[in-house]
Protein chains: 2
Amino acid sequence: MRVVAAKEQLLNAVQIVQRAVSVRNPLPILSGIRFEAVDNKIFLTATDLDMGIRCSLAAEVIEPGAAVLPARYISELVRRLPDVPVLLRAETVTGSVTIQYGQSETSINGYPAEEFPDFPIPSGDLTFDLPAEVLRGLVRQIVFAAANNENRPVFNGVLFELHDGYLQVIATDTYRLAWRRLPLENCEKIDINIIIPGKTLTELVKVIEPEKVVNITVTENQILFKADDTCLISRLIDGQFPNYKQVIPQEHLTRIRLKTKELAEATERASLLTKDGSPIVKMSLEQNTLIISVNTEAGRVHEEIPVFQEGEPFQVAFNARYLGDVLKAMGSEEIIMELTGPLSPGVLRPVDDQEYLSLLLPVRLRGV
Amino acid sequence: MRVVAAKEQLLNAVQIVQRAVSVRNPLPILSGIRFEAVDNKIFLTATDLDMGIRCSLAAEVIEPGAAVLPARYISELVRRLPDVPVLLRAETVTGSVTIQYGQSETSINGYPAEEFPDFPIPSGDLTFDLPAEVLRGLVRQIVFAAANNENRPVFNGVLFELHDGYLQVIATDTYRLAWRRLPLENCEKIDINIIIPGKTLTELVKVIEPEKVVNITVTENQILFKADDTCLISRLIDGQFPNYKQVIPQEHLTRIRLKTKELAEATERASLLTKDGSPIVKMSLEQNTLIISVNTEAGRVHEEIPVFQEGEPFQVAFNARYLGDVLKAMGSEEIIMELTGPLSPGVLRPVDDQEYLSLLLPVRLRGV
């Protein structure tokens, strides 16, 4: 392999594929990035076997070939290169790659390129488009509600349910749930019900530029996201997602309307005095005033927020961190909060958006 | 105590004195900030017994008094308060302080104010002024060369030597040394030779606004820095600072002139392949070219930098991290580097500044 590329483009590609490199993988070669020079392009590939990213850039290929370099060294080096043409030259005898820039050069010892795991791009007919901006919104509004390292893998995932031209996207860690619905053009005949790892979506929006349209292809156990020169492939999560429709309350005893920021700030102040492990805040509603209170060894907080009230007074307690996450995801100046009782999930939604909501399970207080 | 203050001013004062709070101090009350309302001001004080900061702000004192609140809670709370007048009200019975803002309030449990250590502001005739900008420059160019947690405390300090109207400032951890000299107006008759803890200077420039002039008072074992409403008091380090004049080479075998940025970037790239614990880079000079090289298990680096050479070729090895620190502190586009041999300290100085230099001790390589 002998190939010349521009530093900035090389850096961009390295930083994109690096997101799929697993530093803790037992297979040492997976800590590497595969470089392949062919057809006036360099293809960079990395994978942790759950997810893989491939990215290509224009290059002057003098001699085609492939090499695998430790991601850590090559990314740190490329980041620090001067802004000149960069020559990558694989030394076939030693397996190292020499990176030449101006009068200087660095040789990095690599891995045998042929031992890098195969990385087929899945293909199929089940395909649709989503603007990167929409994906970004879904990550911001939905993925926070997914679990991490849960024993039941379905809770680490995000349900994508495409039916009758509508996409419904849901995540839940059983303590909270986020749901969004959006119409998709030209998708009336596609039926999809898949669980995408939350991590895949989080990484995806980091590597796709905001103004792009992402082409999505779904196969039996994989999903491919494609935008221009970047492909992200991920396994899907196997299993049955819980019946979320059953969980969302259809009626309520109380509904309040209030300013998102006021509740977010009061909750944040109130949780300052709680213990990190159990940031529980109490809420009570009386006469168009929502009272947030906390009483701990460190002191006590009493916050009052004016609200528009319909229905009965209530008392309920929430995990302040979970409530904060839900409020941050609302994306609306005002929200509606609906409650049916101190142990039933609260429903929060933007005041002007019927297609998004979050559920939040209350905390049972001792003596209540 | 009952006192009303503006949120922003209160926050500013809390963030300043907080820098003297020791989170790991065995005396719990030292994790607190003392508030004292008197004479239409609030005085905030914090100390870790090595260093103390006092800061005052204008306030409407309804009832004078004092209270000590945990720095962690009060600073996090004030940061998150709405931008409204804030009432602080000490509850004499419980020892807590209620912070009232709009319709809401938080009570924080405090410490007995009378148990907070006494905090006398030292006074004396040995006093001079330094612009905050000059202090900032000294911290940037000198303090990096001081040691941390050294068994011999003098190496944690910075020598301030004022004599004949010139201030000389020096720090060394025995591996490197930084020296600066500057003339001080109206100080011809002052003789000072003190060692200030490096940490004191680092914190000082964080709390003093850049455009202020700092009044400095020196007593036998303390130093006071004063600018407007802020006082920082620190103990001085007792002991004999090494004779730095003896260490600075007076002649050289080789002198080179080169671009600071080129050496800094080459050194940084070269050190990427070294082990974190021993980032050693080799330098050799031949025919107006400085070669930086590294050869490790991960690969090898060969960087070439054009230089203006006077004198003999050389070979020397440096700790790349120490060299990087020295180069960052130069503040000059071009530098002079003087060498007398592979085991004698290298001297680095800005090309246009005779009043600043750094020494760097070479690393002895096996087999050299």
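The name recorded for chain A in an unreviewed UniProt entry is Beta sliding clamp, from Pelotomaculum schinkii. The record in UniProt for chain A states the following under Subcellular location (unreviewed entry): "Cytoplasm". Check the Subunit (unreviewed entry) section of the UniProt entry for chain A; it says "Forms a ring-shaped head-to-tail homodimer around DNA."

**Q** Which residues make up the overall build of chain A, and what values go with them?
**A** Within chain A, the regular secondary structure consists of seven helices and 26 strands. Counting only C-alpha atoms, chain A reaches 80 × 55 × 35 Å along its principal axes. Expressed as a percentage of its 368 residues, the buried residues of chain A come to 52%. Long-range contacts, defined as pairs at least 24 residues apart, comprise 65% of the intrachain contacts of chain A with a sequence gap of at least 6.

**Q** An account of the sheet that holds strand β2 (residues 32-38) of chain A is needed here, citing residue identities and associated values.
**A** All names here are of chain A. The antiparallel open sheet is built from eight strands, whose spatial order is β6-β2-β3-β4-β17-β16-β15-β10. Each end of this open sheet is capped by a strand with a single partner; those strands are β6 (65-70) and β10 (127-131). Sheet twist, expressed as the average angle between the axes of neighbouring strands with direction ignored, equals 20°. When strand β16 (residues 222-227) meets strand β17 (residues 230-235), the two strands line up antiparallel, connected through six bridges. Within β17, the position partnered with Q222 by the bridge is R235.

**Q** Give me the lowdown on the interface of chain A and chain B, citing residues and values where you can.
**A** Taken together, the 30 residues of chain A in the interface contact 30 residues of chain B. Between chain A and chain B, the buried area comes to about 2,600 Å², and carbon and sulfur atoms account for 46% of it. Looking only at chain A, the three residues that lose the most surface to chain B are R80, R269 and L272 of chain A, adding up to 24% of its buried area. For the pair chain A and chain B, the interface holds two salt bridges. Note that E268 of chain B and R80 of chain A form a salt bridge whose closest N and O atoms lie 2.8 Å from each other.

**Q** Provide a residue-level description of the nonpolar core, including the pertinent values.
**A** Among the nonpolar cores identified, the biggest contains 216 residues, and F35 and L290 of chain A together with F35 and L290 of chain B are the most heavily contacted of them. Leave out the neighbours within four places in its chain, and L290 of chain A touches I256, L258, L263, M283, S284, L285, E303, E304, I305, V307 and F314 of chain A.

**Q** Could you give me a rundown of the environment of L258 of chain A, with the residues and numbers involved?
**A** All names here are of chain A. In this structure, L258 sits in strand β18 (residues 254-259). Counting along the chain gives 204 residues from L258 to R54, while the straight-line C-alpha distance between them is 46 Å. The contacts of L258, once residues within four sequence positions are left out, are L263, L290, I305, P306, V307, E333, E334 and I335.

**Q** Residue-level account of the relation of the copies chain A and chain B, with values.
**A** The transform that puts chain A on chain B rotates by 180° and translates by 0.0 Å along the axis, for an RMSD of 0.0 Å. Viewed as a symmetry operation, the transformation between the two copies matches a two-fold axis. Interface overlap between copies: 100% of the residues of chain A at the interface are likewise at the interface in chain B, consistent with a symmetric, same-surface contact.

**Q** Explain the pairing of strand β23 (residues 314-319) of chain B residue by residue, including any values.
**A** All names here are of chain B. A large share of β23 lies buried, amounting to five of its six residues. As judged from the six bridges shared by strand β19 (residues 280-286) and β23, these two strands associate in the antiparallel manner. Within β23, the residue paired with M283 across the bridge is V316.

**Q** How would you explain the sheet that holds strand β6 (residues 65-70) of chain B if you had to name every residue and give the values?
**A** Residues and elements named next belong to chain B. The eight strands are arranged β6-β2-β3-β4-β17-β16-β15-β10 in an open sheet whose pairing can be described as antiparallel. Because the sheet does not close on itself, it has two edges, and the strands there are β6 and β10 (127-131). Adjacent strand axes in the sheet meet at a mean angle of 20°, parallel and antiparallel pairs treated alike. In the packing of helix α2 (residues 71-79) onto the sheet, the strands contacted are β2 (32-38) and β6, and the crossing angle to β6 comes to about 95°.

**Q** Let's hear about unusual backbone geometry: which residues, and what values?
**A** Residue and element names in this part refer to chain A. Despite not being glycine, D39 shows a phi value in the positive range, around 55°. The residue D39 is located in the loop between β2 and β3 (41-47) in this model. Residue class for D39 comes out exposed when judged on its relative accessible area of 66%. Although it is not a glycine, L49 adopts a positive phi angle of roughly 75°. Note on placement: L49 falls in the loop between β3 and β4 (51-58). You can call L49 exposed: its relative accessible area is 52%.

**Q** Explain the pattern of salt bridges residue by residue, including any values.
**A** Residues and elements named next belong to chain A. Using the criterion set out here, one finds 42 salt bridges over all chains in the structure. For E161, the salt bridge is made with K245, and the minimal N-O distance between the two is 3.8 Å. Separated by 84 residues along the polypeptide, E161 in strand β11 (residues 157-163) and K245 in helix α5 (residues 244-247) bring together distant segments of the chain. Accessibility expressed as a relative area gives 15% for E161, which makes it buried.

**Q** Please provide a residue-by-residue account of a negative patch on the surface, values included.
**A** Together, D164, E185, E188 and D191 of chain A line one region of the surface with negative charge. If you trace the backbone, E188 of chain A turns up in the loop between β13 (176-183) and β14 (192-197).

**Q** Give a detailed account of the state of the cysteines, specifying residues and quantitative values.
**A** Using the criterion set out here, one finds zero disulfides over all chains in the structure. C231 of chain A forms no disulfide, and the closest cysteine sulfur to it belongs to C55 of chain A, at a distance of 8.9 Å. A disulfide-free cysteine, C187 of chain B has its sulfur positioned 19 Å from the sulfur of C231 of chain B, the nearest such atom.

**Q** Help me get a handle on empty space enclosed by the protein, residues and values and all.
**A** Residues and elements named next belong to chain A. Throughout the structure, instances matching the rule amount to two cavities of 30 Å³ or more. Volume-wise, the largest cavity comes out at about 40 Å³. P249, E251, H252, E338, L339, T340, P345 and V347 are the residues that line the largest cavity. Roughly 30 Å³ of internal volume is contained in the second largest cavity.

What counts as what
Along each chain, the written sequence defines residue order, and numbers are assigned to residues from 1. Chains carry letters from A onward and ligands carry numbers from 1 onward, assigned in written order. In keeping with the model being predicted, local features are shown solely for residues with a pLDDT of at least 70 and side-chain atom pairs are shown and tallied solely at 80 or more, while totals for entire chains, interfaces and linings include all residues. Calculation of side-chain values draws on the structure's entire complement of heavy atoms; hydrogens and water are dropped beforehand. UniProt positions are given in the numbering used here, feature names are shortened, and annotations may be inferred rather than shown by experiment. Under the DSSP-based scheme used, a helix requires at least four consecutive residues in state H or I and a strand at least two consecutive residues in state E, with every element numbered from the N terminus. Per-residue accessibility, obtained with a 1.4 Å probe over protein chains only, is compared with the maximum for each type, and a residue is labelled buried under 20%, exposed over 50%, and partly exposed between these values. Two residues form a contact once any of their heavy atoms are found within 4.5 Å. Should DSSP find at least two bridges between two strands, the strands are taken to pair. Inter-axis angles, ranging from 0 to 180 degrees, are taken between N-to-C directions of lines fitted to C-alpha atoms, where helices are fitted over the stretch in contact. We define buried area as the total accessible area lost by two parts upon association, computed with a 1.4 Å probe and summed across both. Salt bridge, as used here, is a side-chain nitrogen of Lys or Arg placed within 4 Å of a carboxyl oxygen of Asp or Glu. Within this scheme, the nonpolar core is defined by two criteria: the residues are buried Ala, Val, Leu, Ile, Met, Phe, Trp, Tyr or Cys, and they are joined through side-chain atoms within 4.5 Å. In this comparison the copies share one frame, found by least squares on the C-alpha atoms of residues holding pLDDT of at least 70 in both. Every patch collects residues that have over 30% relative accessible area and no salt bridge, joining them within 9 Å if they carry like charges and within 5 Å if they are nonpolar side chains (Val, Leu, Ile, Met, Phe, Trp, Tyr). Per-residue and other accessible areas follow the Shrake-Rupley method at a 1.4 Å probe size, with only the shown protein chains counted as cover for residues. When charges are tallied, Lys and Arg are placed among the positive residues and Asp and Glu among the negative ones, while His and the ends of the chain are skipped. For the purpose of locating charges, the reference atoms are NZ of Lys, CZ of Arg, CG of Asp and CD of Glu. Any two cysteine sulfur atoms lying within 2.5 Å of each other are counted as a disulfide. Computed over the protein atoms alone on a 1 Å grid, cavities are sets of points where a 1.4 Å probe fits but cannot get out and pockets are open sets with protein on both sides within 12 Å along at least five of seven lines; a residue lines them when it has an atom within 4 Å of a point. Grid points are joined across faces, edges and corners, and a volume is the space filled by probe spheres set on the points.

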